[in-house]
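The lines below spell out each chain.
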Amino acid sequence: SDSMMTEYNPNYEFGGNAISIKDLKEIPREQLRLVKALGQGAFGEVYQGFFRHRIGDAVEMPVAVKTLPELSSTQAETDFLMEALIMSKFNHPNIVHFIGVCFDKHPRFIVIELLAGGDLKTFLRESRPKPDRASPLTMKDLLICIVDVAKGCKYMEENRFIHRDIAARNCLLTTKGPGRVVKIADFGMARDIYRADYYRKGGKAMLPIKWMPPEAFLDGIFTTKTDVWSFGVLMWEVMSLGYMPYTGCANREVMSLVTSGGRLEPPTNCPPQLYAIMTQCWHPNPEERPSFSLILERLGYCMQDPDVIRAPLPVYAKPPSSERDTT
Ligand SMILES: C[C@@H](Oc1cc(-c2cccc(S(C)(=O)=O)c2)cnc1N)c1cc(F)ccc1N1NC=CN1
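These notes cover the structure that comes with them. (Residues numbered from 1 in each chain as written. Predicted model: local features only at pLDDT ≥ 70, side-chain atom pairs only at ≥ 80, totals over all residues. Heavy atoms only, no water.)

1. Comments concerning the site of the ligand
Here comes step 1: Taken together, 16 residues sit near the ligand, with E113, L115, A116, L172 and A185 positioned nearest.
Here comes step 2: Here a nitrogen atom of the ligand sits 3.0 Å away from a polar atom, N or O, in the main chain of E113.
Here comes step 3: At 2.9 Å from a nitrogen atom of the ligand is found a main-chain nitrogen or oxygen belonging to L115.
Here comes step 4: Of all the elements in the fold, those that place two or more residues in the shell around the ligand are β3 (32-40), β5 (60-68) and β7 (108-113).
Here comes step 5: Residue composition of the shell around the ligand, grouped by class: nine nonpolar, three polar and four charged. (Near = heavy atom within 4 Å. Polar contact = N/O pair within 3.5 Å; in protein donor to acceptor, adjacent residues only side chain to side chain. Helix = DSSP H or I, 4+ residues; strand = E, 2+ residues; numbered from the N terminus. Nonpolar A, V, L, I, M, F, W, Y, C, P; charged D, E, K, R; others polar.)

Shown next as structure tokens:
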């Protein structure tokens, strides 16, 4: 057997028990059918495909397949394994469902549920009001997206798992249409840090500075309150329909702005009750930031508040020329 099976077999501990590679569900490759590329993941191409539970089954389940290129470093192999271990332990409706792996030989695959609505950031940008049509979304739709992510975050908080990269780009939708459910679907940052006790991908360039609190980018301190800060930025992303936070600012400018108390402005038409939750998530003192269970409670009140629910979404306004989107 090759390096994946022998040299690197890091154990992973989640919610009290340790697991390792042997606990991962191995899928026979013949039960998988890759159809089309969805885009580049952190390692290699991500494909849309189908998974047949049993050979001969007529029913095929749509899946997303993360691939690890054959010529990958040992580090990448370990990271890939760690990501599978992390995802395999979650069990929550607002966290992407892990199906299994093909680790018997190259190319290695991680198979997860396919969320046909694509990522949340793209969905928000596509849902902006256009000159010829108002946004198809209501304030309630946006609030439901935010509540879905908060539920996933609450589950991670309860299991003392720190995600480190909560952002609209890392969330997916079951569908773009009504009844959509948002799920947290990318654990790359947590995987990197879990495996190495410092962030090794090379300096600040790789860090999601605009989603990080001061204690994280200044002192490398990460707790569940780090995810609370990032969740506040995700709320801002949703309410602005997918704008890049701190539009036009470089990471260094954001770091000095935020450390001197500067914060994101309320998005157009954002109900003050929602902006209040965002600013609580951005409290300079991590302990003063609300827990995800408290955030969910406050979001619940917003869902019951007609002033919030009935607030209109912004009508068509030419995006500011400086709204350069670089993610
Ligand atoms: C790994 C990948 O996972 C998925 C992507 C899409 C998915 C992503 C985009 C578009 C479509 S779709 C609407 O064409 O079916 C489906 C659907 N389901 C997934 N499980 C992913 C998870 C994320 F949290 C964020 C982005 C991506 N990727 N990776 C490569 C492209 N996106």
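Picking up where we left off.
2. Re the sheet that holds strand β9 (residues 171-173)
Adjacent strands of a sheet form backbone hydrogen bonds with each other and so pair up, either parallel or antiparallel.
Here comes step 1: With antiparallel pairing, three strands are arranged side by side in an open sheet as β8-β9-β10. The outermost strands of the open sheet, each flanked by one partner alone, are β8 (118-119) and β10 (182-184).
Here comes step 2: Bridge count for β9 against β10 is three bridges, and the pairing is antiparallel. Looking across to β10, one finds that C171 is bridged to I184.
Here comes step 3: Sheet strands touched by helix α3 (residues 139-158): β9 and β10. Its angle to β10, the strand with the most contacts, is close to 30 degrees. (Pairing = 2+ DSSP bridges. Contact = heavy atoms within 4.5 Å. Axes fitted to C-alpha atoms, helices over the stretch in contact; angles between N-to-C directions.)

3. What to know about helix α9 (residues 292-304)
An α-helical turn contains 3.6 residues, so a residue and the one three or four places further along point in the same direction.
Here comes step 1: The end-to-end C-alpha distance of α9 is 18 Å, a good match for the 18 Å that 13 residues give at a rise of 1.5 Å each.
Here comes step 2: Buried residues of α9: F292, I295, L296, L299 and C302, and no others. What you see down the axis of α9 is that its buried residues fit within an arc of 115 degrees, all on one side. Projecting away from the buried face of α9 at angles above 90 degrees are the exposed residues Y301 and Q304.
Here comes step 3: Buried-residue contacts for α9 involve α3, α6 (224-239), α8 (272-281) and α10 (306-309). (Expected span 1.5 Å × (residues − 1). Buried < 20%, exposed > 50% of the residue type's maximum accessible area, 1.4 Å probe, protein only. Arc of directions from axis to C-beta.)

4. Here we look at the nonpolar core
Here comes step 1: By size, the foremost hydrophobic cluster in this structure holds 90 residues, and its most contacted members are L120, M156, F187, F231 and L299.
Here comes step 2: Tallying contributions element by element places α3 first for this core, with eleven residues.
Here comes step 3: Excluding residues that lie within four positions of it along the chain, F231 makes contacts with I146, V149, A150, C153, I166, C281, F292, I295 and L299.
Here comes step 4: With nine residues, the next largest nonpolar core counts I27, F51, I99 and F109 among its residues. (Core = buried A, V, L, I, M, F, W, Y, C linked by side-chain atoms within 4.5 Å.)

5. Notes on the sheet that holds strand β4 (residues 45-52)
Here comes step 1: The strand order across the open sheet built from five strands is β3-β4-β5-β7-β6, with neighbouring strands paired in antiparallel fashion. For this open sheet the edge positions go to β3 and β6 (98-102), each flanked by a neighbour on one side alone. Ignoring strand direction, the axes of neighbouring strands in this sheet form an average angle of 30 degrees.
Here comes step 2: For β3 and β4, the ladder comprises seven bridges, and the chain directions are antiparallel. Note that in β4 the partner of L34 across the bridge is G49.

6. Thoughts on the environment of H106
Here comes step 1: Secondary-structure assignment places H106 in the loop between β6 and β7.
Here comes step 2: For H106, a relative accessible area of 26% gives the class partly exposed.
Here comes step 3: Each C-alpha atom of the pair H106 and P28 lies 13 Å from the other, and the pair is 78 residues apart in sequence.
Here comes step 4: Look past the residues within four positions of H106 in its chain and what remains in contact with it is R29, P69, E70 and E77.
Here comes step 5: Engagement of the side chain of H106 in a polar contact is seen with the side chain of E77, the distance being 3.4 Å.

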